[in-house]
Amino acid sequence: MDISVLAIAGSPRRHGNSEDLLDYVTGYLSGHPGIVVEKIILSKIEVNPCRGCNACEKEGICVINDDMKMLEDKITGADVIIFSSPIFCMGLCAQVKALIDRMQVFRSRRYVLKQPIIPTEKRGKKAGLFISTAGQDWDWVFDGAIPSIKCFFHLAGIRDKDMFYLMINNVDKKGEIWAHPTAKQQALKACEDIAVHISRLREE
């Protein structure tokens, strides 16, 4: 059976550093037999902010009629989710944060309504990779983003031990990622790690 990879490019700027890394990783994975990649450009679809109305706690359905309904099925059905985002003002960019906030419907289904979110055959067999870039060279520049992305992965049915990270700082201008002294090496390691992990999940 094929391994489905959902790649979400979160940056509002097309073909920037974080999306370049995303394309590098998905290109590597696409070269493996049995791996099928689908890429979603977040800025090209409509995902509105959560209203905090808690209507989803009643029936497990969000009242906002936009593309999040389409994404819900893709998120639950994917074996691997790769999410890329630049760091804006020490956190995730607004488009990505809006999507994560809309995962409230998953939280309502799981914790309030006690409904299953992930198909039985995929439980414990999903993986996630977070890709991020930042202009600042501070070691802690990604600290504000990690809890939010971990929340997303948890609600998508991905365990801590199945999460991977590719985060490179000190790159700001478009295309600057490939001038970074260790970016390609780090990206290749992330590719290899996730490919090996996928193989293990497939065998379980």
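Above this text sits the structure in question.
The structure presented is a predicted model; accordingly, all values stated were derived computationally and were not measured.

The rules behind the values
- Residues numbered from 1 in each chain as written.
- Predicted model: local features only at pLDDT ≥ 70, side-chain atom pairs only at ≥ 80, totals over all residues.
- Heavy atoms only, no water.
- Helix = DSSP H or I, 4+ residues; strand = E, 2+ residues; numbered from the N terminus.
- Rg over C-alpha atoms; globule rule 2.2 N^0.38 Å.
- Buried < 20%, exposed > 50% of the residue type's maximum accessible area, 1.4 Å probe, protein only.
- Contact = heavy atoms within 4.5 Å.
- Areas by Shrake-Rupley, 256 points an atom, 1.4 Å probe, with all protein chains shown as cover.
- Lys, Arg positive; Asp, Glu negative; His and termini not counted.
- Charge placed at Lys NZ, Arg CZ, Asp CG, Glu CD.
- Phe/Tyr/Trp six-rings, centres within 6.5 Å; stacked < 30°, edge-to-face > 60°.
- Lys NZ or Arg CZ within 6 Å of the ring centre and 35° of its normal.
- Salt bridge = Lys/Arg side-chain N within 4 Å of Asp/Glu carboxyl O.
- Pairing = 2+ DSSP bridges.
- Right-handed = clockwise from strand over helix to strand, strands pointing away.

(A) Examining the overall build of the chain more closely. Each helix and strand in the chain was counted, giving seven helices and six strands. Reading the secondary structure of the chain in the N-to-C direction produces β-α-β-α-α-β-β-α-α-β-α-β-α. Computed over C-alpha atoms, the radius of gyration of the chain comes to 17 Å, within 12% of the 17 Å expected from 2.2 N^0.38 for 204 residues, which places it in the range of a compact globule. Taking the principal axes of its C-alpha atoms as reference, the chain extends roughly 50 × 40 × 30 Å. Put simply, the chain has 204 residues, and 47% of those count as buried. The long-range fraction of contacts in the chain, counting pairs at least 24 apart against all pairs at least 6 apart in sequence, stands at 80%. Put simply, the chain shows about 10,000 Å² of open surface, and 51% of that area lies on carbon and sulfur atoms. Of note, the chain has its 27 positive side-chain charges centred 3 Å away from the centre of its 26 negative side-chain charges.

(B) View of the packing of aromatic side chains. What the rule picks out here adds up to four aromatic pairs. Judged by centre distance (5.7 Å) and plane angle (45°), the ring pair of Y24 and W178 falls under tilted. Here Y24, found in helix α1 (residues 17–30), pairs with W178, found in the loop between β6 (163–168) and α7 (183–203); they are 154 residues apart in sequence, far enough to count as distant. Assessed through its relative accessible area of 29%, Y24 is described here as partly exposed. Of the aromatic side chains, those joined through ring pairs into one cluster are F83, F152 and F153. In this arrangement the basic side chain of R109 is found over the ring face of F106, its NZ or CZ atom lying 5.4 Å from the centre. When the ring centre of W178 is taken as origin, the NZ or CZ atom of K184, which lies over that ring, is 5.9 Å away.

(C) Looking closely at the pattern of salt bridges. Within the structure shown, the criterion is met by 12 salt bridges. The shortest N-O distance in the salt bridge between K122 and D79 comes to 2.8 Å. Linking K122 in the loop between α5 (104–112) and β5 (127–133) with D79 in the loop between α3 (68–77) and β3 (80–88), this pair joins segments that are 43 residues apart in sequence. D79 carries the same exposure label as K122, and that label is buried. As a salt-bridge pair, D193 and K189 come within 2.7 Å of each other at their nearest N and O atoms. Placement of the pair is D193 and K189 together in helix α7, with a separation of four residues, close to one helical turn. Overall, K189 belongs to the partly exposed group, its relative accessible area being 48%. Salt bridges here are not isolated pairs; linked through shared partners, they connect R14, E19, D23 and K39.

(D) Representation of the pairing of β6. As paired elements, β5 and β6 share six bridges and run parallel to each other. Bridging from a neighbouring strand, T133 pairs with I168 of β6. Crossover handedness for the path β5 to helix α6 (residues 146–155) to β6: right-handed.

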